[in-house]
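Chain by chain, the residues:
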There are 2 protein chains.
Amino acid sequence: MTVPFHIRAMYATDFQRGFREVLGALSSVTLSDEAAMLVFRKRLRSRVLTFVAIADDRVVGTASLLIETKFIHNGGCVGHIEDVAVLPDLQGHGVGHALVQHLIEECRKARCYKVILDCDPTIIHWYETLGFRPWCQAMRLDLELSPPAPQSQP
Amino acid sequence: MTVPFHIRAMYATDFQRGFREVLGALSSVTLSDEAAMLVFRKRLRSRVLTFVAIADDRVVGTASLLIETKFIHNGGCVGHIEDVAVLPDLQGHGVGHALVQHLIEECRKARCYKVILDCDPTIIHWYETLGFRPWCQAMRLDLELSPPAPQSQP
């Protein structure tokens, strides 16, 4: 079975096309409409690019891209891929693959010299089929927030 | 021996304080003054924060921070640490440690729920002393650029 879908930059109206439900495949999304819109604007201002896969006017997948201009590598850019998620019912139909390929093309257009991402060891092979190779060790520090972050912070 | 230094956000005038030479500890920096200024402005526009360690009015270390607002984690932020470099003669004097601690504090102020970075496996322990732990697998795809990227692209 193949599912007809296309990929485009996210619109604010995608919150009404099931965007949050798709991202929920990755981690719970508890933002209200108003809070989600504030996050959408913050991401646009700091040039975080969000893409969606659309099938039958519904969001079925998403992936994000941060493009960082470096002082090293002759002022070249690095693409950071984040938050690749596909609606569970449609996983295995090439949606995630097409989303990552779309992001790689965006990186080419932006003249990135490399594209990087952090993934669970169980999906290393999946990213290898897209041309990626394991390199560094990803490290993480968790920060405790107290009191809870206000959702409506501008 | 201790080296007196302080940490602050980078100024454009830091190119005249040896900024490129310090970053050269990481990878060659071949940007002209004019091209470096364009990169500096591009990074400011996309909110990439660059910090420097200053000793005797010279740059002796640098580290960068991208703060990404997520749709997941209740609209929380993630801090991405990039390009930590210390002048080779001053390595081992706590400059890198202080720079990373400064970035962690910036992440706390920005209400990040986690701070992440990719590092060479040989310095995992060094980051562990700062509270980081190994987690995901970092993956990389190299892109070929042809013709060479213009340095003066706006």
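Conventions and cut-offs
Residues numbered from 1 in each chain as written. Chains lettered and ligands numbered in written order. Predicted model: local features only at pLDDT ≥ 70, side-chain atom pairs only at ≥ 80, totals over all residues. Heavy atoms only, no water. Contact = heavy atoms within 4.5 Å. Buried area = accessible area lost by both parts, 1.4 Å probe. Salt bridge = Lys/Arg side-chain N within 4 Å of Asp/Glu carboxyl O. Polar contact = N/O pair within 3.5 Å; in protein donor to acceptor, adjacent residues only side chain to side chain. Nonpolar A, V, L, I, M, F, W, Y, C, P; charged D, E, K, R; others polar. Helix = DSSP H or I, 4+ residues; strand = E, 2+ residues; numbered from the N terminus. Expected span 1.5 Å × (residues − 1). Pairing = 2+ DSSP bridges. Axes fitted to C-alpha atoms, helices over the stretch in contact; angles between N-to-C directions. Least-squares fit on C-alpha atoms with pLDDT ≥ 70 in both.

Student: Help me understand the interface of chain A and chain B, please; the structure alone is not making it clear to me.
Tutor: Where the parts come together, the accessible area they lose is often given as the size of the interface. Taken together, the contacts link 69 residues of chain A with 69 residues of chain B. When chain A packs against chain B, close to 6600 Å² is buried across both sides, 58% of that on carbon and sulfur atoms. On the chain A side of the contact with chain B, A:Phe71, A:Met139 and A:Arg140 bury the most area, a combined 16% of that side's loss. A salt bridge links B:Asp83 to A:Lys70, with the nearest nitrogen and oxygen atoms 3.0 Å apart. Our count for the contact surface shared by chain A and chain B stands at 26 residue pairs in polar contact (both at pLDDT 80 or more). The class makeup of the residues in the side of chain A that touches chain B is 37 nonpolar, 15 polar and 17 charged.

Student: Explain helix 4 (residues 95-109) of chain B to me, please; I cannot follow it from the model alone.
Tutor: Owing to its 3.6 residues per turn, the α-helix brings residues three or four apart onto one side. Between the first and last C-alpha of helix 4 of chain B there are 21 Å, a value that for 15 residues agrees with the 21 Å anticipated at 1.5 Å per step. Where helix 4 of chain B terminates, the next one or two residues include B:Arg111, which has phi positive at roughly 60 degrees.

Student: Hey, could you run me through the sheet that holds strand 4 (residues 77-86) of chain A in this one?
Tutor: Each strand in a sheet pairs with another by means of backbone hydrogen bonds, the pair being arranged parallel or else antiparallel. What the 12 strands build is an open sheet, ordered 1(A)-2(A)-3(A)-4(A)-5(A)-6(B)-6(A)-5(B)-4(B)-3(B)-2(B)-1(B); its pairing is mixed. Of all the strands in the sheet, just strand 1 (6-9) of chain A together with strand 1 (6-9) of chain B have a single pairing partner and so form its edges. The mean inter-strand angle of the sheet, taken between neighbouring strand axes irrespective of direction, is 30 degrees. The strands that helix 4 of chain B touches are strand 6 (133-142) of chain A together with strand 1, strand 2 (48-55), strand 3 (58-69), strand 4 (77-86) and strand 5 (112-119) of chain B; relative to strand 3 of chain B, the one it contacts most, it runs at about 30 degrees.

Student: Please clarify how the relation of the copies chain A and chain B should be interpreted in this entry.
Tutor: Between the two chain copies there is a screw-like relation: a rotation about an axis and a shift along it. Laying chain A over chain B is done by rotating through 180 degrees and shifting 0.0 Å along the axis; what remains is an RMSD of 0.0 Å. Viewed as a symmetry operation, the transformation between the two copies matches a two-fold axis.

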